[in-house]
Amino acid sequence: MATARDRTNRTLYAARFKSWTGGNGAAINVTWEDITFMDVMFPIVVTQKYTSPRPNSSSLNETHIENFLFHNFTGVINDTPGYVEGSCITDPCWYSVPGATGKEVIIFDLYPNTATNIVVKDLFAATLTGAPLAVMCNSSTVSSDVGFVCQDGPYIPT
């Protein structure tokens, strides 16, 4: 079991898990808790579709994710129009997420039938501009309550 506690300021992510497209293996019992973030672009990101640089794989396997908890996150998303975090040196930026608005507090970019019991609890966040929070989550990739309405749209805790 791995647990992370931290304060982040002007970073790209507050909590991030990435696995490669075509990856093989499992990440089980991982907890991020008591995270405070300020001026972060993407507070919570979980992707199983990381492809930069593109792996040379024809595998149909994906990394299985089980028992992930994001608990007690508090902070502010930097959604200032035109803001670009300092590591961006390409166009589009290497961390660009298609369809993202810059207001996403959670991005779950998952493959179907590969994530079990992935939950966000006690998330208290705002955007720097005061705009409503958003999430990106495909409901066909999760089978249980993730702690919010899994949709590409407004952040609605459950």
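Anyway, here's the lowdown on the structure attached to this text. (Residues numbered from 1 in each chain as written. Predicted model: local features only at pLDDT ≥ 70, side-chain atom pairs only at ≥ 80, totals over all residues. Heavy atoms only, no water.)

Per the secondary structure count, the protein includes 0 helices and 9 strands. Along the protein, from the amino end to the carboxyl end, the secondary structure elements read β-β-β-β-β-β-β-β-β. Within the span of the protein, comprising 158 residues, buried residues form 43% of the whole. Taking contacts inside the protein between residues at least 6 apart in sequence as the whole, the part at least 24 apart equals 82%. For the protein, the accessible surface area stands at approximately 8,300 Å², while carbon and sulfur atoms represent 53% of it. (Helix = DSSP H or I, 4+ residues; strand = E, 2+ residues; numbered from the N terminus. Buried < 20%, exposed > 50% of the residue type's maximum accessible area, 1.4 Å probe, protein only. Contact = heavy atoms within 4.5 Å. Areas by Shrake-Rupley, 256 points an atom, 1.4 Å probe, with all protein chains shown as cover.)

Let's shift gears to the environment of T63. Topologically, T63 is positioned in the loop between β4 (42–50) and β5 (64–77). Taking the C-alpha atoms as reference points, T63 and Y111, 48 residues apart in sequence, are found 9.2 Å from one another.

Pairing between sheet strands relies on hydrogen bonds along the backbone, with the strands arranged either parallel or antiparallel. Taking strand neighbours across the sheet as the criterion, the 5 strands line up as β2-β4-β6-β8-β9 in an open arrangement whose pairing is mixed. With one partner strand each, in any of the chains shown, β2 (13–20) and β9 (153–154) form the two edges of the open sheet. Pairing analysis gives 4 bridges linking strand β6 (residues 104–109) to strand β8 (residues 134–137), with the strands arranged parallel. Note on β8: the bridge partner recorded for F108 is C137. (Pairing = 2+ DSSP bridges.)

Time to look at the nonpolar core. Counting residues in each nonpolar core, the largest one holds 32 residues, and the members touching the most others are W32, F68, F70, F73, I106, F108 and F148. For this core, the secondary structure elements donating two or more residues are β2, β3 (26–40), β4, β5, β6, β7 (115–127) and β8. Per-element tally for this core: the top contributor is β3, with 6 residues. Residues within four places of I106 in sequence aside, it is in contact with I44, V120, L123, A134, V135, M136, F148 and Y155. The next biggest cluster of nonpolar side chains, apart from the first, holds 9 residues, and it includes L12, Y13, F42 and V45. (Core = buried A, V, L, I, M, F, W, Y, C linked by side-chain atoms within 4.5 Å.)

Below, the discussion takes up the packing of aromatic side chains. Aromatic rings in a pair are described by how distant their centres are and how their planes are angled relative to each other. Taken as a whole and assessed by the stated rule, the structure comprises 8 aromatic pairs. Arranged with centres 4.5 Å apart and planes meeting at 5 degrees, the rings of W32 and F70 form a pair that is stacked. Placement of the pair is W32 in strand β3 and F70 in strand β5, with a sequence separation of 38 residues. Accessibility classification places W32 together with F70 in one group, the buried group. (Phe/Tyr/Trp six-rings, centres within 6.5 Å; stacked < 30°, edge-to-face > 60°.)

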